[in-house]
Amino acid sequence: MAAMSGMRGASRTGVPTPSRLARWGILGTIGVLFAVPIVAMGEFTLRRGLEGGYDFSRWITVLTFDLGPEYRVLGQAIGNSLVLAAATVALMLVLLVPTMIVVQLKLPQLRRVLEFVCLLPISIPAIVLVVGLAPVYGVISRAAGSGVWTLALAYGIIVLPFAYRAVQSNLDAIDVTTLTEAARSLGASWPTVIARVLLPNLRPGLLAGAFISVAVVLGEFTIASLLNRQNLQTALVIVQKDDPFIAVIVTLISLLVAVALLLVIGAIGRGTTRRTS
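In this text, all values refer to a predicted model and were calculated from it rather than measured experimentally.

Student: Kindly report on the overall build of the chain, identifying the contributing residues and their values.
Tutor: Counting its regular elements, the chain contains 14 helices and 0 strands. Taken from N to C terminus, the helices and strands of the chain fall in the order α-α-α-α-α-α-α-α-α-α-α-α-α-α. Each of the 277 residues in the chain was classed as buried or not, and the buried ones make up 32%. Residue pairs in contact within the chain that sit at least 24 positions apart in sequence constitute 72% of those at least 6 positions apart. For the chain, the exposed area adds up to about 16,800 Å²; of that, 69% sits on carbon and sulfur atoms.

Written as structure tokens, this is what we have:
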């Protein structure tokens, strides 16, 4: 019995695993670390200033879109950030995912090279990337204009490490070769194999990569500021100079939207796992 009880804390591979109490303790500690600044931000937005007390007047103003014309920059910046998020996710799906599938199936010897290239941006500071991208954006501005959508090219680079890890872990979890050979032996073309066989099995990884890409784009400030483009974070800096309460409220709303996206992706991923099982 002693031996059996001693094995409860170890997995089948022999690696010790924490008990349920330890897991809840770790999650609780992390939850408190995240909750304290968020609760403090929420409390800050409810203050009535020198009068003392709390009210929801500022939240009602923001949620009912009853802001003055001086905050028009905020609405434009939110639209720009949404466009950038959609364009960045589209670049990730169109360029990165097919490349990873081809490397996984046909060129496995290049996997380390692809991994190095995709993970390299995480080791380069954003300000260094801007120094290298500034001449490139000078050419892009002369050829295609200086619209905010051009930032998606830079954002596609900085989200590479996160999107690559999310998709690659899903690729490693399924037998891509067997699925592809079975579909090809039944007469499916390569576009059909990718669209109807591989992509449904890669849905959890694609959703995770898309969520991380959206989160990175919505929180990016350095590149947009130095390249003189307007997104949510640069607009919040402008709004904060006039009314810090409104800036914090918009930040909290963006955090809630990100958490909601995470929960939706987790639910879709669990549903996909159940159907596969």
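Student: Report on a nonpolar patch on the surface, specifying residues and quantitative values.
Tutor: Where nonpolar side chains cluster on the molecular surface, the patch consists of Val102, Leu107, Leu110, Val113, Phe116, Val117 and Leu120 and spans about 580 Å² of accessible area. At 3 residues, helix 5 (residues 111-119) tops the list of elements feeding residues into the nonpolar patch. With respect to the helices and strands, the residue Val102 is situated in helix 4 (residues 72-105). Of the residues examined, Val102 reaches a relative accessible area of 41% and is grouped as partly exposed.

Student: Report on the layout of surface pockets, specifying residues and quantitative values.
Tutor: Of the volumes computed, that of the largest pocket is approximately 500 Å³. As for the largest pocket, its lining consists of 20 residues, of which Phe65, Ile78, Leu232, Val250 and Ile253 are closest to the centre. Listing elements by their share of the lining of the largest pocket, those giving two or more residues are helix 3 (57-63), helix 4, helix 11 (203-219) and helix 14 (244-276). The leading source of residues in the lining of the largest pocket is helix 4, at 7 residues. Each residue belonging to the lining of the largest pocket can be placed in one class, and the counts come to 17 nonpolar, 3 polar and no charged. Here the second largest pocket is characterised by a volume of approximately 430 Å³.

Student: Go over the packing of aromatic side chains with me, naming the residues and quoting the values.
Tutor: Applying the stated criterion to the full structure yields 1 aromatic pair. Ring geometry for Phe44 and Phe245: centres 4.7 Å apart, planes at 15 degrees, overall stacked. Of this pair, Phe44 sits in helix 2 (residues 20-46) while Phe245 sits in helix 14; the two residues are 201 residues apart in sequence, bridging distant segments of the chain. Over the ring of Phe245 we find Arg58, and its NZ or CZ is 3.7 Å from the ring centre.

Student: An account of unusual backbone geometry is requested, with residue identities and associated values reported.
Tutor: Residue Asn228 is not a glycine yet carries a positive backbone phi of 60 degrees. Overall, the relative accessible area of 69% leaves Asn228 in the exposed class.

Student: Explain the confidence of the model for the chain to me, and be specific about the residues and the numbers.
Tutor: Scored by pLDDT, the chain comes out at a mean of 83, with 90% of its residues at no less than 70. Per-residue pLDDT, averaged within each element of the chain, yields its smallest value for helix 1 (residues 2-7) (42) and its largest for helix 5 (91). Contacts of residues 1-11 to residues separated by more than four positions or lying in other chains number 8 contacts, the stretch itself having pLDDT below 50.

Student: Before we move on, can you summarise the side chain of Arg229 with the specific residues and values?
Tutor: For Arg229, the position within the fold is in the loop between helix 12 (222-226) and helix 13 (232-242). Summary of buried charges: Arg229 has no salt-bridge partner, and the nearest side chain of opposite charge, Glu220, is 11 Å away. In terms of polar contacts, Arg229 uses its side chain to reach the side chain of Thr150, at 3.5 Å. In this structure the side chain of Arg229 is engaged in a polar contact, spanning 2.5 Å, whose partner is the backbone oxygen of Leu227. With residues near it in sequence (within four places) discarded, Arg229 still touches Tyr137, Ser141, Ser146, Gly147, Val148, Thr150, Leu151, Ala224 and Thr234.

Cut-offs and rules
- Residues numbered from 1 in each chain as written.
- Predicted model: local features only at pLDDT ≥ 70, side-chain atom pairs only at ≥ 80, totals over all residues.
- Heavy atoms only, no water.
- Helix = DSSP H or I, 4+ residues; strand = E, 2+ residues; numbered from the N terminus.
- Buried < 20%, exposed > 50% of the residue type's maximum accessible area, 1.4 Å probe, protein only.
- Contact = heavy atoms within 4.5 Å.
- Areas by Shrake-Rupley, 256 points an atom, 1.4 Å probe, with all protein chains shown as cover.
- Patch = residues over 30% accessible without salt bridge, like charges linked within 9 Å, V, L, I, M, F, W, Y side chains within 5 Å.
- Salt bridge = Lys/Arg side-chain N within 4 Å of Asp/Glu carboxyl O.
- 1 Å grid on protein atoms, 1.4 Å probe; cavity = no way out; pocket = protein on both sides within 12 Å on 5 of 7 lines; lining within 4 Å.
- Points joined across faces, edges and corners; volume = space filled by probe spheres on them.
- Nonpolar A, V, L, I, M, F, W, Y, C, P; charged D, E, K, R; others polar.
- Phe/Tyr/Trp six-rings, centres within 6.5 Å; stacked < 30°, edge-to-face > 60°.
- Lys NZ or Arg CZ within 6 Å of the ring centre and 35° of its normal.
- pLDDT = per-residue confidence, 0-100.
- Lys, Arg positive; Asp, Glu negative; His and termini not counted.
- Polar contact = N/O pair within 3.5 Å; in protein donor to acceptor, adjacent residues only side chain to side chain.

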